[in-house]
Amino acid sequence: MTAVAATPADRIGMPFQAMPEPPRFGLAGHLPEWLGVDNARGVLQRLLRYAEHCGPVARVSLGPVRMVVISDPAIAADVLADPRANHKGAVYGLTRVVLDNVLLLNGAAWSAHRRTYREALRDVDVVGAAELVTRRHVEALAARGDAPLRLDREVLRLAGDVVGQFVAGVTLPATLEPHRARVQYELAAVGIDLQCQPWTFLSPLRWLRLRRSVAAVRGFFRDAVRHRLAAPTAAADVLAGFLALARTGEYGGDLEALQEGVVNVFFTAHDVLASSTAWTLYLLARHPDVQRDLRASLRAGDGDLLRRVVKEGLRLYPGYSLFGRTTRAPMTIGGYEVPRGTMLIASPFVTHRLARHWPNPGEFDPGRWCGRPNGAPPPVARDHYFPFGTGARGCLASHLAFPAIEAIVAGLVRAFDLRADPEHDPGLEYWGTTHARHGMPVRLLRPPADAA
């Protein structure tokens, strides 16, 4: 591994071919590492290897496709804020085939929708929603006793109900889950498949099933909107925010516009919240001493350790594991001249795990956050940390995601002593967010009497 410091200023203007490059695979460049579903799922480990070998920026050749991997947070912040790199390219254009998501727009349309969505999210009571739903799930789990369960699957359901609650005041029925899962899978798969297994686009059955699932999800939320319009409430959720904007003419008040707004927010929030929350809880299950201290601090009404635990969980497993862009004009990136049409990848997962940025980066250590700002991390890169992205498309809902994770973690840790087998390797794979390849089996025991 080659340790490389930040790019010095005198490298500005160096040719693209001079950018450091990982070992190649002959004329195919790095392409063999990217083809097939297994390679797709292992992308984060591969990007980390590139960054460790090459330093702040790495040049990757995928046959005719050029890629630059950016692991320096300052460079990533500049690039993601630059309109020349804010074009999301064919990958994200195809993602709109899955769901006509306004969050994937570009230019003036994107700016207008960003302002609208920020306003709709402003007064959402995410903590109330997360606490309410978590209490319900705790009661159901307590009735099961200490039987082993898959924490990742349980948190996936819990997070779905939390997001459903703060988006539109709904609980997701079990019949909707296969459709939600298919849409969520395809939102990531379209882009991943384009790079790693493009032949899968040829299956008409795949697209037929997908359209059915999209219709089912839209229908569910359309019914929720219709019910709200027929029986208005004082709910502090995203739908209420859209309705308030519709009354002032700042957002469409018709059924379809309102439905699409809540569907967009739901899919943007769900997998990210589920992934980061599950990993944070699993880390606690693997570190009983930290879990014990957290339970004691919660009993004392002190939230400082909870915030440090969640920040550390987001460092190791940020919900937004990577960001992709395509240059639509030549740019100087990290001191190198990058041509138009180059794919750019910036990964918080990679940056957060580099020893040049963090001591003992692979260790779960909430104590590393002592003495640092203790609020929710903003959607900008600060101190080599950007779990909610950075730049023009930094997460609009980071002020909701962080307290939601806190509320879920606190509710489960108060109620249960989470125990994981220290010999179990959950593995790691990427599919839009980070997942445990081999699952997260745990036991939920009653907490010790002195911490109950």
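Residues numbered from 1 in each chain as written. Predicted model: local features only at pLDDT ≥ 70, side-chain atom pairs only at ≥ 80, totals over all residues. Heavy atoms only, no water.

1. Side note on the overall build of the chain
The helix and strand tally for the chain stands at 15 helices and 11 strands. What you see for the chain is a C-alpha radius of gyration of 22 Å, in line with the 22 Å of a compact globule of 452 residues. Reported as C-alpha extents along the three principal axes, the dimensions of the chain are approximately 60 × 55 × 40 Å. A separation threshold of at least 6 residues defines the contact pool for the chain, and within that pool the share at least 24 residues apart is 75%. Carbon and sulfur atoms make up 56% of the accessible area of the chain, which totals about 18,900 Å². Distance between charge centroids for the chain: 4 Å, based on 53 positive and 44 negative side chains. (Helix = DSSP H or I, 4+ residues; strand = E, 2+ residues; numbered from the N terminus. Rg over C-alpha atoms; globule rule 2.2 N^0.38 Å. Contact = heavy atoms within 4.5 Å. Areas by Shrake-Rupley, 256 points an atom, 1.4 Å probe, with all protein chains shown as cover. Lys, Arg positive; Asp, Glu negative; His and termini not counted. Charge placed at Lys NZ, Arg CZ, Asp CG, Glu CD.)

2. What about the packing of aromatic side chains?
Counted under the stated rule, the structure contains 11 aromatic pairs. Considering the side-chain rings of Phe 220 and Phe 221, the 5.2 Å spacing of their centres and the 80° angle between planes classify their relative orientation as edge-to-face. Each member of the pair, Phe 220 as well as Phe 221, carries the same accessibility label: buried. For the ring pair Phe 221 and Phe 266, a centre distance of 5.2 Å and an interplane angle of 50° mean the geometry is tilted. Of this pair, Phe 221 sits in helix 9 (residues 204-230) while Phe 266 sits in helix 11 (residues 255-286), placing them 45 residues apart in sequence. Per residue, the accessibility class of Phe 221 equals that of Phe 266, and both read buried. Site record: aromatic cluster; members linked through ring pairs are Phe 220, Phe 221, Phe 266 and Phe 267. A cation over an aromatic ring shows up here: Arg 59 above the ring of Phe 16, its NZ or CZ 5.9 Å from the ring centre. (Phe/Tyr/Trp six-rings, centres within 6.5 Å; stacked < 30°, edge-to-face > 60°. Buried < 20%, exposed > 50% of the residue type's maximum accessible area, 1.4 Å probe, protein only. Lys NZ or Arg CZ within 6 Å of the ring centre and 35° of its normal.)

3. Here's the deal with the sheet that holds strand 8 (residues 417-420)
Two pairing modes exist for strands in a sheet, parallel and antiparallel, and in both the strands are linked by backbone hydrogen bonds. The 3 strands lie next to each other as 3-11-8, forming an open sheet whose pairing is antiparallel. Whereas interior strands pair on both sides, the edge strands pair on one side only; in this sheet they are strand 3 (149-150) and strand 8. As judged from the 4 bridges shared by strand 8 and strand 11 (residues 441-445), these two strands associate in the antiparallel manner. Residue pairing in the sheet places Arg 419 in a bridge with Arg 443 of strand 11. (Pairing = 2+ DSSP bridges.)

4. Thoughts on the pattern of salt bridges
Considering all chains together, one arrives at 22 salt bridges under this definition. The shortest N-O distance in the salt bridge between Glu 119 and Arg 122 comes to 3.2 Å. Given the relative accessible area of 51%, Arg 122 is considered exposed. In this structure, a network of salt bridges that share partners links the residues Glu 21, Arg 24 and Arg 59. (Salt bridge = Lys/Arg side-chain N within 4 Å of Asp/Glu carboxyl O.)

5. What about the nonpolar core?
Here is a general trend for soluble globular proteins: nonpolar side chains tend to be buried in one another's company. In this structure, Phe 166 and Phe 221 are the most contacted members of the largest nonpolar core, which totals 138 residues. If one sorts the elements of this core by residue count, helix 11 sits on top with 18 residues. If we ignore the near neighbours within four places in the chain, the residues touching Phe 221 are Ala 168, Val 170, Leu 172, Val 262, Val 263 and Phe 266. (Core = buried A, V, L, I, M, F, W, Y, C linked by side-chain atoms within 4.5 Å.)

6. A word on unusual backbone geometry
You will see that Asn 360, though not glycine, has its phi angle at about 45°, which is positive. Locating Asn 360 in the fold gives a position in the loop between helix 14 (348-351) and helix 15 (398-415). The phi dihedral of His 384 falls on the positive side, at around 65°, and the residue is not glycine.

7. Here's the deal with the side chain of Arg 206
Note on placement: Arg 206 falls in helix 9. Classification of Arg 206 as buried rests on a relative accessible area of 13%. When near neighbours in sequence (up to four residues on either side) are disregarded, Arg 206 contacts Glu 186, Ala 189, Val 190, Asp 193, Thr 200 and Phe 201.

8. Examining the layout of surface pockets
Its volume calculated, the second largest pocket comes out at about 480 Å³. Forming the walls of the second largest pocket are 22 residues, and the residues nearest its centre are Asp 152, Leu 156, Asp 271, Glu 429 and His 435. Broken down by secondary-structure element, the contributors of at least two residues to the lining of the second largest pocket are helix 7 (151-168), helix 8 (177-196), helix 11, strand 9 (429-431) and strand 10 (433-435). For the lining of the second largest pocket, the per-class residue count stands at 10 nonpolar, 4 polar and 8 charged. (1 Å grid on protein atoms, 1.4 Å probe; cavity = no way out; pocket = protein on both sides within 12 Å on 5 of 7 lines; lining within 4 Å. Points joined across faces, edges and corners; volume = space filled by probe spheres on them. Nonpolar A, V, L, I, M, F, W, Y, C, P; charged D, E, K, R; others polar.)

9. Quick word on the side chain of Ser 275
Counting through the fold element by element, Ser 275 comes out in helix 11. At a separation of 2.8 Å, a polar atom in the side chain of Ser 275 contacts the main-chain carbonyl oxygen of Thr 434. (Polar contact = N/O pair within 3.5 Å; in protein donor to acceptor, adjacent residues only side chain to side chain.)

10. With respect to helix 13 (residues 304-316)
Taking 1.5 Å per residue as the helical rise, helix 13 with its 13 residues ought to reach 18 Å, and the 19 Å between its terminal C-alpha atoms agrees with that figure. For helix 13, the tally of buried residues reaches 11 of 13 residues, placing the bulk of the element in the interior. Taken as a whole, helix 13 has its buried residues at Leu 305, Leu 306, Arg 308, Val 309, Val 310, Lys 311, Glu 312, Gly 313, Leu 314, Arg 315 and Leu 316. Of the surrounding elements, those touching the buried residues of helix 13 are helix 11, helix 12 (288-299), helix 14 and helix 15. (Expected span 1.5 Å × (residues − 1).)

11. What about a nonpolar patch on the surface?
A grouping of Leu 35, Trp 199 and Leu 202 is seen on the molecular surface, where their side chains present a nonpolar patch of about 360 Å² in accessible area. Tracing the backbone shows Leu 202 in the loop between helix 8 and helix 9. Residue Leu 202 is classed as exposed on the basis of its relative accessible area, which comes to 71%. (Patch = residues over 30% accessible without salt bridge, like charges linked within 9 Å, V, L, I, M, F, W, Y side chains within 5 Å.)

12. A few points about the sheet that holds strand 1 (residues 57-62)
Taken together, 4 strands build an open sheet; the order of strands is 1-2-7-4 and the sheet is mixed. Here the strands that pair on one side only, and so sit at the sheet edges, are strand 1 and strand 4 (323-326). When the angles between neighbouring strand axes are averaged without regard to direction, this sheet yields 25°. Here strand 2 (residues 65-70) runs beside strand 7 (residues 343-346); their pairing, made up of 4 bridges, is parallel. Within strand 7, the residue paired with Val 68 across the bridge is Leu 344. Of the strands in this sheet, strand 1, strand 2 and strand 7 touch helix 2 (residues 43-54), which is tilted by about 125° from strand 1. (Axes fitted to C-alpha atoms, helices over the stretch in contact; angles between N-to-C directions.)

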